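Tertiary structure, described
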Amino acid sequence: MWYWRTGEWLSIGNLIIDDAMHFDVITLFPALIRDVSKYGILSRALDMGICSISCWNPRDYCTDRYRTIDDRPYGGGPGMVMMAEPLAKAINAARMQHENKRKVIYLSPQGEKVTHAKFQDLDETGLIFICGRYEGIDERLIRTEVDEQWSIGDYVLAGGELPAMVIIEAITRLQPGVLGNDLSASQDTFSDDLLDCPQFTRPEQYDGDRVPDVLLSGNHREIDQWRLKQSLGRTSEKRPDLLESRKLTQLEQRLLDEYKQENRDH
Ligand code: SAM
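All of the points below concern the structure found in this document.

In the neighbourhood of the ligand, 20 residues make up the surrounding shell, with Tyr106, Leu107, Gln110, Gly132 and Tyr155 lying closest. At a separation of 2.6 Å, an oxygen atom of the ligand approaches a polar side-chain atom of tyrosine 106. Protein contact buries 86% of the 580 Å² of open area that the ligand shows by itself. Among the cavities detected, the one that contains the ligand is the largest pocket. The dominant element in the shell around the ligand, judged by the number of residues it contributes, is strand β7 (residues 103–113), at five residues. Residue composition of the shell around the ligand, by class: eleven nonpolar, eight polar and one charged.

Given below as structure tokens:
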């Protein structure tokens, strides 16, 4: 098992993991998981012990001398299929680390499409992810071991490692203390079913385009209202579906009406 804790990958035995959020990744390519984890927010969260990641390579659970992990599909056809047994053993090893209390998620383009809202409502202290390769995994493993199937979008990738990392990063950045400022996550796109407002930084004038005066005013009430208005306006333009299920307050409705009025001719 590979386990990240102190800024380097360790190969250790039966460690009991007590971090706030722990992810087990069943993968043929643990180095891919390790390398993606070296950057940005995720690396910081790992260093701070706010989350941790273990990788379990199903190849370590093969019994034949070639460590065979895949075989041809019954019925014929192109590609190979990951065999159930080594995967089941790897999953079991991961489960045993957590007293069998963790949900097992198979990453699959056929799964439920995950969203920010799903991650916000997540009531788990960890998850076990299975990364498929080739044509996927034996269906009988899905029937016996998998609790849920998650997709990161309507396209097909070569493996589940990048989806696992996308999901791990999306969940991790919502954990308290991970972002420099905890307000950041709550103001991001999809929080409160709104898109984020436009952002500007120095210089005040770029290519003949000036930063909106209100952002230079120092008046925080007006800045907050301007930002909320932009968020509401952008959401209604780009993602009206998000507003359909969201009840607007009187103030929000007024700001949205103003936004539409101001942007009528654009
Ligand atoms: N034959 C499978 C199908 O059509 O459903 C696709 C297999 S895909 C080439 C190999 C692996 O990549 C899958 O088993 C899955 O783990 C992962 N994968 C590919 N696309 C994905 C997506 N959109 N979301 C999550 N996992 C994905």
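Next comes the rest of the write-up.
This part is about the pairing of strand β4 (residues 51–56). In terms of burial, β4 is largely enclosed, as six of its six residues are buried. Every second residue of β4 is oriented toward a common face, with Cys51, Ile53 and Cys55 on one face and Ser52, Ser54 and Trp56 on the other, all of them buried. Bridge count between strand β3 (residues 21–26) and β4: six bridges; the pairing is parallel. Each residue of the ladder has a partner; that of histidine 22, found in β4, is serine 52.

Attention shifts here to the packing of helix α9 (residues 220–238) against helix α11 (residues 250–262). Their axes nearest at 8 Å, the elements α9 and α11 cross at an angle of 70°. One element, α9, and the other, α11, form an angle in the roughly perpendicular class. Along its contact with α9, which presents Gln225, Leu228, Lys229, Gln230, Leu232, Gly233, Arg234, Ser236 and Glu237, the element α11 presents Leu251, Glu252, Arg254, Leu255, Leu256, Glu258, Tyr259, Lys260 and Glu262. A per-class count over the contact of α9 with α11 returns six nonpolar, four polar and eight charged.

Turning our attention to the side chain of aspartate 70. Mapping aspartate 70 onto the fold places it in strand β5 (residues 70–71). Despite its burial, aspartate 70 pairs with no opposite charge, the nearest such side chain being arginine 59 at 5.8 Å. Residues within four places of aspartate 70 in sequence aside, it is in contact with Met80, Val81, Met82, Met83 and Tyr134.

With that settled, the discussion passes to the side chain of arginine 95. Tracing the sequence through the fold places arginine 95 in helix α3 (residues 84–97). Of the residues examined, arginine 95 reaches a relative accessible area of 12% and is grouped as buried. A distance of 2.9 Å separates a polar atom in the side chain of arginine 95 from a polar atom in the side chain of glutamate 145.

To continue, consider the pattern of salt bridges. One pass over the structure, following the stated rule, counts 22 salt bridges. Here glutamate 85 ties to lysine 89 by a salt bridge, and the two come within 3.1 Å at their closest N and O atoms. Here lysine 89 and glutamate 85 lie together in helix α3, a separation of four residues that amounts to about one turn. On the basis of relative accessibility, which here comes to 32%, the residue lysine 89 falls in the partly exposed class. A salt bridge links lysine 103 to glutamate 124, with the nearest nitrogen and oxygen atoms 3.5 Å apart. With a gap of 21 residues between them, lysine 103 in strand β7 and glutamate 124 in the loop between α4 (116–120) and β8 (126–131) connect regions that are remote in the sequence. Look at lysine 103 and you get partly exposed, because its relative accessible area is 29%. Among the residues examined, glutamate 124 registers a relative accessible area of 23% and is labelled partly exposed. Within the structure, one salt-bridge network assembled from shared partners comprises Lys103, Glu112, Lys118, Glu124 and Glu148.

Parameters and conventions
- Residues numbered from 1 in each chain as written.
- Predicted model: local features only at pLDDT ≥ 70, side-chain atom pairs only at ≥ 80, totals over all residues.
- Heavy atoms only, no water.
- Near = heavy atom within 4 Å.
- Polar contact = N/O pair within 3.5 Å; in protein donor to acceptor, adjacent residues only side chain to side chain.
- Areas by Shrake-Rupley, 256 points an atom, 1.4 Å probe, with all protein chains shown as cover.
- 1 Å grid on protein atoms, 1.4 Å probe; cavity = no way out; pocket = protein on both sides within 12 Å on 5 of 7 lines; lining within 4 Å.
- Sits in = over half its atoms within 2 Å of the grid points.
- Helix = DSSP H or I, 4+ residues; strand = E, 2+ residues; numbered from the N terminus.
- Nonpolar A, V, L, I, M, F, W, Y, C, P; charged D, E, K, R; others polar.
- Buried < 20%, exposed > 50% of the residue type's maximum accessible area, 1.4 Å probe, protein only.
- Pairing = 2+ DSSP bridges.
- Axes fitted to C-alpha atoms, helices over the stretch in contact; angles between N-to-C directions.
- Parallel < 35°, antiparallel > 145°, perpendicular 65-115°, else oblique.
- Contact = heavy atoms within 4.5 Å.
- Lys, Arg positive; Asp, Glu negative; His and termini not counted.
- Salt bridge = Lys/Arg side-chain N within 4 Å of Asp/Glu carboxyl O.

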